[in-house]
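Chains, contacts and geometry: an overview
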Amino acid sequence: MLQRLLFTLVIAATLACAAPGADAANVVYPGSSRIGLAPPEGMQPAKRFSGFDETGTANVVLLNELPKEAYQELSTTLATQVLQRDGLRLIEKGKLAQIRADNVYVVAEEKTPAATVRRYMLLARGDDLTGLVTVQIPQGQKTTIPEASIKKTLASYTVRPPLPAKQQLASLPFKIADLGGFRFVRSFAGNAALLTEGPKDTVRSVEQPTVVVASAFSPIKASERESFGKRALASLPQLRDVRIETDDLTGSGDAQVSTVVATARAAEDGSLVIVFQSVHFNKDGYLRVVAMGKAVERDALLPRFQKLRDGLSRR
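Now for a look at the structure at hand. Since the structure is predicted, the reported quantities are computational estimates derived from the model, not experimental observations.

Here Lys166 shows up in helix 4 (residues 165-171). With 33 residues separating them along the chain, Lys166 and Pro199 place their C-alpha atoms 19 Å apart.

As structure tokens, this is what we get:
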């Protein structure tokens, strides 16, 4: 269940994945990302997500750290999912021989109203994580990146050990003043944090309480904020039979907060779940908290979820 939540809120061994060569010295790890690449010329670490971007263009490289268990599923479904999406055309599927780890390489093209976007995707297996790198290049721009340069960048893929928790938290675009007694597990995607309570870092269903805090740079119109929370909660694929108990929108202007409390069934095993979601709106986007635990523990968990929500702020 936790793995699916990480997918949606969309993530201490070094992997020797990059073939040794001239680019090894040029590998850059943006922010607290464990994934590093030698980015194409002209690209620099992005400020709003984990990856790289290029000033004046829409060219981006997105880095996602997923649970190690994700590789088995995604390695067989990545191309299928590409084909199922409207407007996407699969161009190539194979492997990058330069990477010594198990990997899947997919190239696809998507037609949007604004442009045709070429996507180069690398999925790589690791001892303790699965890496997913996506390079998005709109076609027809004055500035583009040759395919040979993209493959060279992907071939430089490597992974470093996790950074200390304090450094990971400091690299996020938000602050959590009070963790509510939960344990920080890790940051992912450069804009999200995972917390839990208990000994496990990978959680099945709701055997342990989990909290995901994520930042999104997608402004929500004031007229849509009242219904946004309910719609966002209902869209979580790891839940079914969602029953909303409370739905509040407080504050004004660009300081509004939506809080939704609900019960649901875990799609994985049918367990009864208490779900707490808060969305902190601002002019640039929003901060979202999704917290879950066993329904029988609601009285103990809800005050802690609220305490974490109240201590949340943007940097």
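Next comes the rest of the account.
Attention now moves to the sheet that holds strand 8 (residues 130-138). Picture the strands of a sheet paired through backbone hydrogen bonds; they go either parallel or antiparallel. With respect to topology, 7 strands assemble into an open sheet ordered 2-3-4-8-7-6-5, the strand pairing being antiparallel. Looking at strand neighbours, the two that pair on one side only are strand 2 (44-45) and strand 5 (88-94), the edges of this open sheet. Across 2 bridges, strand 2 lies against strand 3 (residues 51-53) in antiparallel orientation. For Gln44, the partnering residue across the bridge sits in strand 3 and is Asp53. Each of strand 4 (60-66), strand 5, strand 6 (103-111), strand 7 (116-125) and strand 8 is contacted by helix 2 (residues 70-84), which is oriented at about 160 degrees to strand 7, the strand it contacts most. Lying on the sheet, helix 3 (residues 147-155) is in contact with strand 5, strand 6, strand 7 and strand 8; it crosses strand 7 at an angle near 25 degrees.

It is worth spelling out the sheet that holds strand 12 (residues 192-196) at this point. Across the sheet, which stays open at both edges, the 7 strands sit in the order 11-12-13-17-16-15-14 with antiparallel pairing between neighbours. Each of the sheet's edge strands pairs with one partner strand only, and the pair in question is strand 11 (183-188) and strand 14 (239-250). Mean inter-strand twist for the sheet, computed between neighbouring axes without regard to direction, equals 15 degrees. Bridge analysis of strand 12 against strand 13 (residues 210-216) gives 5 bridges, and the strand direction is antiparallel. Directly across from Ala192, in strand 13, lies its bridge partner Ala214. Across the face of the sheet, helix 5 (residues 225-234) comes into contact with strand 14, strand 15 (257-266), strand 16 (272-282) and strand 17 (285-294) while running at roughly 145 degrees to strand 16. In this fold helix 6 (residues 298-310) packs onto strand 12, strand 13, strand 14, strand 15, strand 16 and strand 17, with an angle of close to 15 degrees to the strand it touches most, strand 16.

Turning our eyes to something else, we now look at helix 6. Helix length check: helix 6 (13 residues) gives 18 Å between terminal C-alpha atoms against 18 Å at 1.5 Å per residue, within 8%. Buried within helix 6 we find Leu301, Leu302, Arg304, Phe305, Leu308 and Arg309.

Another aspect to go through is the packing of aromatic side chains. Going through the model one piece at a time under the given rule, you end up with 4 aromatic pairs. Here the aromatic rings of Phe182 and Phe305 are separated by 5.6 Å at their centres, their planes lie at 20 degrees, and the arrangement is stacked. Here Phe182, found in the loop between strand 10 (174-176) and strand 11, pairs with Phe305, found in helix 6; they are 123 residues apart in sequence, far enough to count as distant. Its relative accessible area of 5% is what places Phe182 among the buried residues. Overall, Phe305 belongs to the buried group, its relative accessible area being 1%. Taken together, the aromatic side chains of Phe182, Phe276 and Phe305 make up a single cluster linked through ring pairs. Its guanidinium or amino end placed over the ring of Phe182, Arg304 lies 4.2 Å from that ring's centre, counting from NZ or CZ. The lysine or arginine in question, Arg314, covers the ring of Phe217, its NZ or CZ lying 5.0 Å from the ring centre.

Right, let's talk about the nonpolar core for a bit. One recurring pattern in soluble globular proteins: nonpolar side chains tend to sit buried together. In terms of nonpolar packing, the biggest core is built from 23 residues, with Val61, Tyr120, Val133, Leu154 and Tyr157 touching the most fellow members. Going through the elements one at a time, strand 4, strand 6, strand 7, strand 8 and helix 3 are the ones with two or more residues in this core. Those residues within four positions of Tyr120 in sequence are excluded, and the remaining contacts are Tyr105, Val106, Val107, Val133, Thr134, Val135, Ile137, Glu147, Ile150 and Leu154. Among the nonpolar cores identified, the runner-up in size contains 20 residues, and Phe174, Val211, Val289 and Leu308 belong to it.

With that settled, consider the pairing of strand 4. For strand 4, the tally of buried residues reaches 6 of 7 residues, placing the bulk of the element in the interior. Here 3 bridges tie strand 3 to strand 4, and the two strands are oriented antiparallel to one another. In the sheet register, Phe52 faces strand 4, and the bridge partner there is Val61. What sits between strand 3 and strand 4 in their antiparallel hairpin is a turn of 6 residues, with Gly56 showing a positive phi close to 85 degrees. The sheet contact formed by strand 4 and strand 8 spans 7 bridges and is antiparallel. Across the sheet, Val60 pairs through a bridge with Gln136, a residue of strand 8.

Cut-offs applied
- Residues numbered from 1 in each chain as written.
- Predicted model: local features only at pLDDT ≥ 70, side-chain atom pairs only at ≥ 80, totals over all residues.
- Heavy atoms only, no water.
- Helix = DSSP H or I, 4+ residues; strand = E, 2+ residues; numbered from the N terminus.
- Pairing = 2+ DSSP bridges.
- Contact = heavy atoms within 4.5 Å.
- Axes fitted to C-alpha atoms, helices over the stretch in contact; angles between N-to-C directions.
- Expected span 1.5 Å × (residues − 1).
- Buried < 20%, exposed > 50% of the residue type's maximum accessible area, 1.4 Å probe, protein only.
- Phe/Tyr/Trp six-rings, centres within 6.5 Å; stacked < 30°, edge-to-face > 60°.
- Lys NZ or Arg CZ within 6 Å of the ring centre and 35° of its normal.
- Core = buried A, V, L, I, M, F, W, Y, C linked by side-chain atoms within 4.5 Å.

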